[in-house]
Amino acid sequence: MKTILSKDISFIENNGTVFESANPSLQSFSRRGFLQTTSATGAGFSLAAFMPSKNIQAAEIEDSNHLELNAFVEIDANGSIRLYAHTPEKGQGIKTSLPMIIAEELGADWNDVTVVRAPMNEARYGAQRAGGSTSTPREWNPMRRAGAAARVMFISAAAKQMAVSPSLLYTESSQVINRETGQSIAFADLALNAALEPIPDTDSLVFKDRSDYKIIGTSVGDVDNHTMITGGGGLYGSDIQLPDMLYAVYEKCPATYGRVQSANLGHIKTMPGIVDAFLVEGNDNVGELLDGVAIVARSTWQAFQAKQELEVEWDTSSASVDDNEEIYSRALQIADSPWPQEMQTVASGDVERQYQDNNTEVIQSNYRFPYLAHACMEPMNCTAHYHSDSNSLDIWAPTRQPGITLSSVENVFDIPQESITLHQMRMGGSFGRRRLQDYSCEVTAIAKRFDVPIKLLWTREDDFIHDQYRPGGVYAFKAAVSREGRAVAMQTHLIGPAVRGRATAGTRLANSEFPALNIDNFRAATSLIDTNTPTGSWRAPGSNATGWAVQSFIAELAHAAGRDHVDFLIEMMGEPRWFEPGNIYSLNTGRAVDVIKLAAEKSGWGKDLPDGHGMGVAFHFSHAGHVAEVVELSVDDNKQIAIHKITIAIDIGPVINMSGALKQVEGGATDGLSSMLDLEISMLDGIVQQENFHQYNIMRMRNAPINIEAHFIQSEFDPTGLGEPVLPPLMPAVSNAIFAANGERIKTLPLSKAGYTI
């Protein structure tokens, strides 16, 4: 069964409220102490769901006056339901959607739910990390188990109270209901008895049928909305306020890997509000701690003012001397060289034979893509309080990889991970940036010299100059198209930077990257150019540039073959098949064809258009999401682009939160458009030239597309993430639409290099 849900479907908006629990259920009690406490306070029970273990464990009652908890679910006697969200929130909506899964299986009324941010404890909650659109597929079944186990315990307790078989009972609206008589008992009235029920075995749990969903698939507002709007609650790292806290900045060499020799520390220390200024020796790891100068002040303003007057003498003998134009020039030279057999990563069939066949037409193209910054709305920041008497640390970290935070701090400062208390903060954007932990290590280096909390704040200039960028590079393509209009051979050569000899996200080409498995004669290779400019994951890593280049080149092939692009794409998919059945990260051509057809249908593909108008289509499979997009635009004589409509068809399985899904679709499309218009990071003598938004021209709201139409195919597959899959196909759809509008093939980004504006 497939259900197609479009953007215009109406749902009720529900806002959960954040509740930071001080409930004693996080403490430990004996069974007798537990019953005494619940009698006195009206508290209910907590269901622990230590997800990596085979069995879901409820409150483990011991004889030592302790009740051990790994709580995902708490229900008070007053009917309040608290659900713990354990995965880092960076704007992707996971703090809302994962509790929705629990609430669905539990049979809760979402209006009874408050969401509590779980403390950092992977032994209790399982994996606590975010990135790569992996949170939803990783947590789908564990969250269902957490809710279903609680449901079974409530039903068992109700069955005894009603003196009926549990098979006659179901849960809905925070009640257990008898399907024959309609008799119901509220969760609040069952909490104590349910807590004493046996813990169901994981293998015995039965999940709800999707046709019975009441919460999943509806539109639920972000549980932090009220707090974000009112500005309270200290959600973000930059919001943190602690008693006696001091404020710090950290200056690093503009050319990466430069070392500090001296600075005008004497003058800085005389400035108003300055508590200290000192040199810091790093470990030469750009993801941890580079050499720098720390300034500590009594206010952010005083720290920033002192930073402006800082004068540093740098040793740049080992620093980066990268020049992005030189990198591109070298990449193009490699692209024009003979096929690099030694760098070949994929090979099937005989591409050379097809190229030499007189019945084929050979097409060659090079596509150049730029370095890009993350430009998170909230610059990097972190707060730490070091306790010298115990060599322990409290750290308030807006990080998407808390485990890496802990290991990095331990590695650099020899503070055991078990002595680090990490307070997970919401992130004001990440897009891959908040994986490596330079900012966490910098604040720790400073905090070790003080006995009060230290809050480190990067300036916007710091954020641009010391980013870990999406790498730029070149894709070199060659393909053969038969007289019948079919793609019979193709090769892909990715040429991009390695950082100190290592490839990073964006310079690795997957062996199964489309169309590697769809063309009988195919080969791919990767060549690396050694550089020193830090690079790393950027939204849809490994797919953002690949999607643009591959799908733009396929449009070239369709044009050379004299074929309709949609028909050409569908033909390339071949018969419906899942290349690796059961592997969500393997292309399913049936799902691909479905989204291509749906996008074409909903966009009116093939309709007559006025002069200067064009439609472009693209498909890309990434991060387990099958996505096709059609862009309709017009271009005037001055190369000004007007986006008239963006149509997006997506298959990520059932949508958990329609509100969050639409935000991700619209945000991904807008982000993709912005990144291809006028964004580029350039380096000269190793120094990044863009320091703020006046030089890195992110698209303004007045230019953002207002007509983005999303269509979801609610397939029977398990749900997957949506933070990344929408971005890659947007860029080639725009490029292909420009070609349809005025005949210019875009092979270099950003579009501003060819004179385009929006």
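Above this text you will find the structure in question.
Criteria and thresholds
Residues numbered from 1 in each chain as written. Predicted model: local features only at pLDDT ≥ 70, side-chain atom pairs only at ≥ 80, totals over all residues. Heavy atoms only, no water. Core = buried A, V, L, I, M, F, W, Y, C linked by side-chain atoms within 4.5 Å. Buried < 20%, exposed > 50% of the residue type's maximum accessible area, 1.4 Å probe, protein only. Contact = heavy atoms within 4.5 Å. Disulfide = S-S within 2.5 Å. Helix = DSSP H or I, 4+ residues; strand = E, 2+ residues; numbered from the N terminus. Pairing = 2+ DSSP bridges. Axes fitted to C-alpha atoms, helices over the stretch in contact; angles between N-to-C directions. Parallel < 35°, antiparallel > 145°, perpendicular 65-115°, else oblique. Nonpolar A, V, L, I, M, F, W, Y, C, P; charged D, E, K, R; others polar. Polar contact = N/O pair within 3.5 Å; in protein donor to acceptor, adjacent residues only side chain to side chain. Phe/Tyr/Trp six-rings, centres within 6.5 Å; stacked < 30°, edge-to-face > 60°. Lys NZ or Arg CZ within 6 Å of the ring centre and 35° of its normal.

Caption draft 1: Representation of the nonpolar core in the model. The biggest cluster of nonpolar side chains holds 105 residues, and the ones touching the most others in it are F619, L633, F712 and L751. When neighbours within four sequence positions are excluded, F619 is seen to be in contact with Q551, L569, M573, L587, A592, V595, I596, H626, V627, A628 and P729. If you look at the next biggest cluster of nonpolar residues, it comprises 43 residues, including I75, Y84, W140 and I656.

Caption draft 2: Up close: the state of the cysteines. Under the definition given, this model contains 0 disulfides. Free cysteine: C376, not disulfide-bonded; nearest cysteine sulfur from C382 at 14 Å. Take C376: its relative accessible area is 1%, and that puts it in the buried class. Looking at the unpaired C382, the closest cysteine sulfur is the one in C441, lying at 9.1 Å. By relative accessible area, C382 is classed as buried at 1%.

Caption draft 3: Expanded view of the pairing of strand β10 (residues 169-172). Of the two faces of β10, the one holding L169 and T171 is buried and the one holding Y170 and E172 is not buried anywhere. Of the strand pairs in this sheet, β10 and strand β11 (residues 175-178) are connected by 4 bridges, and their pairing is antiparallel. Residue E172 lies in a different strand from β11, and its bridge partner there is Q175. Counted between consecutive antiparallel strands, the loop separating β10 from β11 contains 2 residues, among which S173 sits at a positive phi close to 55 degrees.

Caption draft 4: Fine view of the packing of helix α14 (residues 544-560) against helix α15 (residues 565-573). With their axes 9 Å apart at the nearest point, α14 and α15 run at an angle of 110 degrees to one another. Relative to α15, α14 is oriented roughly perpendicular. Along the contact surface, α14 presents Q551, I554, A555, L557 and A558, while α15 presents H565, F568, L569 and M572. A per-class count over the contact of α14 with α15 returns 7 nonpolar, 2 polar and no charged.

Caption draft 5: Layout of the side chain of R591. Here R591 is to be found in helix α16 (residues 589-603). In this structure the side chain of R591 is engaged in a polar contact, spanning 2.8 Å, whose partner is the side chain of D651. Discounting residues that sit within four places of it in the chain, R591 has contacts with H626, D651, I652, G653, S715 and F717.

Caption draft 6: Structural detail: the packing of aromatic side chains. A full pass over the atoms with the stated rule returns 11 aromatic pairs. With 5.9 Å between their ring centres and 70 degrees between their planes, Y367 and F477 make a pair best called edge-to-face. Of the two residues, Y367 is situated in strand β20 (residues 360-369) and F477 in strand β25 (residues 473-482); the sequence distance between them amounts to 110 residues. The exposure classification of Y367 matches that of F477, with both residues buried. Here F464 and F693 contribute two aromatic rings whose centre-to-centre distance is 5.3 Å and whose plane-to-plane angle is 85 degrees, an arrangement assigned as edge-to-face. Residue F464 is found in helix α13 (residues 460-465), and its partner F693 is found in the loop between β33 (687-688) and β34 (708-714); the two are separated by 229 residues along the sequence. Each member of the aromatic cluster is reached from another via a ring pair, and the members are Y367, F369, Y475, F477, W548 and F553. One Lys or Arg, R500, reaches over the ring of Y257 and ends 3.4 Å from the middle of that ring. Above the plane of the ring of W339 lies R523, whose end atom (NZ or CZ) is 4.4 Å from the centre.

Caption draft 7: Quick peek at the side chain of R539. Summarising the element assignment, R539 is placed in the loop between β28 (521-531) and α14. A relative accessible area of 8% means that R539 is categorised as buried. Separated by 3.1 Å, the side chains of R539 and D671 make a polar contact.

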